[in-house]
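# Notes for the structure review
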Amino acid sequence: MTTPPGQDRLRHFIRDMTRLVSEPGATEDSLLAAGRPLLAALIATDDWLAPDFAQPHPAHYVQYLLHCDPLERFSVVSFVWGPGQRTPIHDHTVWGLIGVLRGAEEAELFAPGTPPVPTGHERLEAGMVDAVSPTLGDIHRVANALPDTVSVSIHVYGANIGAVPRHTFDPVTGAPKTFISGYANDRLPNPWRLSA
Ligand code: FE2
């Protein structure tokens, strides 16, 4: 596996997020507020994500785990979207920050309901950061906003997100279905390889 030239950015991000979640009295609000500029700084330069973690799948979007806090207080994930790929309507159940590294994302937002009630949509361009949480609004459907290009976003969640039971919602009936997303990879990046 190659070591990208900007690997320090990922290492520093992991270090700074670890400090944040270790602060006594850290809350969802404080983590979202303090984590947002850290994620913005991480995605401001696209030179640190190894190609292994930016590979699209021909049939569906993929998520690669980049780092999981040993106490599972947070995880860092790359989402890779092929042209036309999108998620179902889903929730998160924990706080999350979403930053676009490459390309663009379109998110449709929903309030809880039967079926979920559309409340708007937003487009995130490269360099932009958005937040989700059970208190801010937690239900959305996300798509690659670009019809002919792979998009990549970096997400941080307040748990080992690939192991969290969450829900998808049928767009017509609103019927919830529990899912656990898992991860596409079984190897992680190594931004601590300082001899490279
Ligand atoms: Fe999401």
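Every value quoted in this text rests on a predicted model; they were computed, and no experiment measured them.

### What to know about the overall build of the protein
Of regular secondary structure, the protein possesses 2 helices and 11 strands. For the protein, the N- to C-terminal ordering of α and β elements is α-α-β-β-β-β-β-β-β-β-β-β-β. Relative to the globule expectation of 16 Å for 196 residues, the C-alpha radius of gyration of the protein, 16 Å, shows essentially globular dimensions. Considering only C-alpha atoms, the protein reaches an extent of 55 × 45 × 25 Å along its principal axes. At a minimum sequence separation of 6, the contacts of the protein that also span at least 24 residues come to 74%. Here the protein displays about 9,300 Å² of accessible surface, and carbon together with sulfur accounts for 57% of that area.

### Looking at the pattern of salt bridges
Within this structure, the stated rule accounts for 8 salt bridges. Across the pair Asp16 and Arg15 runs a salt bridge whose closest N-O atoms are separated by 3.0 Å. You can call Arg15 partly exposed: its relative accessible area is 38%. Through salt bridges that share partners, Arg15, Asp16 and Arg19 make up one connected network.

### A word on the sheet that holds strand E1 (residues 62-68)
If you trace the 5 strands from one edge of the open sheet to the other, you get E1-E2-E9-E4-E7, paired in antiparallel fashion. In this open sheet, the two strands that pair with only one neighbour each are E1 and strand E7 (129-132). Shown here is a sheet whose adjacent strand axes are inclined to one another by a mean of 25°, direction ignored. Pairing analysis gives 6 bridges linking E1 to strand E2 (residues 75-81), with the strands arranged antiparallel. Each bridged residue has a counterpart across the sheet, and for Cys68 the counterpart in E2 is Ser75. Sheet contacts for helix H2 (residues 28-43): strand E4 (96-102), E7 and strand E9 (151-157); angle to E4, the most-contacted strand, approximately 10°.

Each value, and the rule that gives it
- The numbering scheme is per chain: residues are counted from 1 as the chain's sequence reads.
- Owing to the predicted nature of the model, reporting of local features is limited to residues with pLDDT of at least 70; listing and counting of side-chain atom pairs is limited to 80 or more, with chain, interface and lining totals taken over all residues.
- Values reported for side chains reflect all heavy atoms of the structure, with hydrogen atoms and water molecules removed beforehand.
- Strands here mean DSSP runs of E at least two residues long; helices mean DSSP runs of H or I at least four residues long; both are numbered from the N terminus.
- Radius of gyration: over C-alpha atoms. The globule rule applied is 2.2 Å multiplied by the number of residues raised to the 0.38 power.
- Residue contacts follow a heavy-atom distance rule, with two residues in contact if any of their heavy atoms lie within 4.5 Å.
- For every accessible area listed, the method is Shrake-Rupley and the probe measures 1.4 Å; residues are considered covered only by the protein chains on display.
- Throughout this description, the term salt bridge denotes a Lys or Arg side-chain nitrogen within 4 Å of a carboxyl oxygen of Asp or Glu.
- Partly exposed describes any residue whose relative accessible area lies between the buried limit of under 20% and the exposed limit of over 50%, with all areas from a 1.4 Å probe on protein chains only and scaled to the type maximum.
- Note on pairing: two strands pair once DSSP finds at least 2 bridges between them.
- Every angle, taken between N-to-C directions, lies between 0 and 180 degrees, and every axis is a line fitted to C-alpha atoms, over only the stretch in contact when it is a helix.

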